[in-house]
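Architecture and fold: a report
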Amino acid sequence: MAHEHDHSHEEVPAFALEVPEFEFLRYEVAEGIAWVTFTRPKALNALAADVLREIAEVTEVIAEDPEVKVAVFTGEGKAFVAGADISEINALKDVFIGREFALAGQEVMNHIAALPVPTIAAINGYALGGGLELALACDLRVAATKAKLGLPEVGLGLIPGFGGTQRLPRLVGVGRAFDLILTGRHVPAEEALALGLVNRVADDAVAAARELAQAIMKNSPVALALAKEAVARGADVPLPEALEIEADLFGMTVTTHDMREGTAAFLEKRAPEFKGE
Ligand SMILES: C/C=C/C(=O)SCCNC(=O)CCNC(=O)[C@H](O)C(C)(C)COP(=O)(O)OP(=O)(O)OC[C@H]1O[C@@H](n2cnc3c(N)ncnc32)[C@H](O)[C@@H]1OP(=O)(O)O
């Protein structure tokens, strides 16, 4: 085959994943966990358009990386994410551009929600507005004791626009969601736990997220992906149809190596060795 270019990357094995350079986040994979850390602490990790673009890119990297079993999102400094960038919103004037702004943010959150691996928001500090909406797009939320969560948009003359008016009531119920959406107040972590808004509260959210990820990773990766798919696809359809989706996906599990291995290991009183297939 003729070589038309100087392939300076030729020594990289064909299967190596190309990870783009990120400016506003750090991407690391260690022991099966993909860590996405927002690194714009001076602006409290606010979601400027460029940050949202990088989040969309990193979800593609995660989805394609076979090493990743669980993904954790967290922030540097005193905030997880303090919302969409208010100076960018201040510049929005046209109704259609405003709508596009919300749709673009929603799309990024949808990318997170659609990831095939379990996702955890390690809420190290403020998770406000678009920041809470990002956490709501994750499967699980772990909050630091000092974290504050809220949807303060109405105080800015806005409404939540990155999924908050929809994902929050689905998670905690309409009445509890209205409390947050209409007051815009900052909810402390312990109260967020009582509301069902977060799954765990710990002094160190990152350490607690790591423990949660490790507990999840003991299970079959293929079962995790199918369980996640069942919940997601069943969420917005009538119950009889949702139960059919569950049965179809259950059917798929019985054809997997992991199901043979998991059930055999139980019967043989030993630990399973899952392959994710
Ligand atoms: C569809 C989605 C819509 C949305 O998400 S709308 C945004 C919703 N979020 C908010 O309304 C929260 C806004 N931020 C705050 O209320 C405060 O911050 C905090 C309570 C979280 C923290 O207050 P404190 O500790 O006093 O820090 P600080 O001096 O306000 O913030 C440090 C720097 O970060 C900038 N910043 C904070 N949040 C945002 C943001 N969401 N968009 C743009 N910049 C933000 C500030 O302005 C400041 O910057 P400088 O150092 O240059 O003065």
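Since this is a predicted model, take the numbers as computed values, not measurements.

1. Observations regarding the site of the ligand
Taken together, 22 residues surround the ligand, and among them K78, A82, A84, I86 and G130 come closest. Contacts to the ligand include G130, whose backbone N or O atom sits 2.8 Å from an oxygen atom. Coverage of the ligand by the protein amounts to 62% of the 970 Å² it exposes when considered alone. Elements represented by at least two residues in the shell around the ligand include exactly α2 (86-90), β6 (126-128) and α4 (130-137). Taken together, the residues of the shell around the ligand sort by class into 12 nonpolar, 5 polar and 5 charged.

2. With respect to the domain arrangement of the chain
The domain architecture assigned to the chain consists of domain 1 (25-217) and domain 2 (221-268). Computed from C-alpha coordinates alone, the two centres of domain 1 and domain 2 are separated by 27 Å. In this assembly, 10 residues from domain 1 lie in contact with 4 residues from domain 2. Buried surface at the junction of domain 1 and domain 2, both sides included, amounts to about 460 Å², of which 55% is carbon and sulfur.

3. Focus on the packing of helix α3 (residues 95-113) against α4
Direction vectors running N to C along α3 and α4 enclose 30 degrees, while the axes themselves pass 8 Å from each other. Between α3 and α4, the crossing angle belongs to the class labelled roughly parallel. Counted together, M109, I112 and A113 of α3 and G130, E133, L134 and A137 of α4 form the full contact between these two elements. Tallied by class, residues from the contact of α3 with α4 come to 5 nonpolar, 1 polar and 1 charged.

4. Observations concerning the packing of aromatic side chains
A full pass over the atoms with the stated rule returns 3 aromatic pairs. Residues F38 and F73 carry aromatic rings whose centres are separated by 6.5 Å and whose planes lie at 20 degrees to one another, so their mutual orientation is stacked. Highlighted residues: F38 in strand β2 (residues 33-38) and F73 in strand β3 (residues 70-75), separated in sequence by 35 residues. Taken individually, F38 and F73 each receive the classification buried, so the pair is uniform in this respect. Between F38 and F80, the ring centres sit 6.0 Å apart and the planes meet at 80 degrees, which makes this aromatic pair edge-to-face. Note that F38 is positioned in strand β2 and F80 in strand β4 (residues 79-81), a separation of 42 residues in sequence. On the basis of relative accessible area, F80 is assigned to the buried category, the value being 0%. Counting every residue linked through ring pairs, the aromatic cluster contains F38, F73 and F80.

5. Describing unusual backbone geometry
The backbone of L44 sits at a positive phi, close to 55 degrees, despite the residue not being glycine. Here L44 lies in the loop between β2 and α1 (49-64). Here N45, not a glycine, exhibits a phi torsion of approximately 60 degrees, which is positive. Looking at the element boundaries, N45 is found in the loop between β2 and α1. For N45, a relative accessible area of 2% translates into the label buried.

Rules used throughout
- Residues numbered from 1 in each chain as written.
- Predicted model: local features only at pLDDT ≥ 70, side-chain atom pairs only at ≥ 80, totals over all residues.
- Heavy atoms only, no water.
- Near = heavy atom within 4 Å.
- Polar contact = N/O pair within 3.5 Å; in protein donor to acceptor, adjacent residues only side chain to side chain.
- Areas by Shrake-Rupley, 256 points an atom, 1.4 Å probe, with all protein chains shown as cover.
- Helix = DSSP H or I, 4+ residues; strand = E, 2+ residues; numbered from the N terminus.
- Nonpolar A, V, L, I, M, F, W, Y, C, P; charged D, E, K, R; others polar.
- Domains from an automatic or database assignment.
- Contact = heavy atoms within 4.5 Å.
- Buried area = accessible area lost by both parts, 1.4 Å probe.
- Axes fitted to C-alpha atoms, helices over the stretch in contact; angles between N-to-C directions.
- Parallel < 35°, antiparallel > 145°, perpendicular 65-115°, else oblique.
- Phe/Tyr/Trp six-rings, centres within 6.5 Å; stacked < 30°, edge-to-face > 60°.
- Buried < 20%, exposed > 50% of the residue type's maximum accessible area, 1.4 Å probe, protein only.

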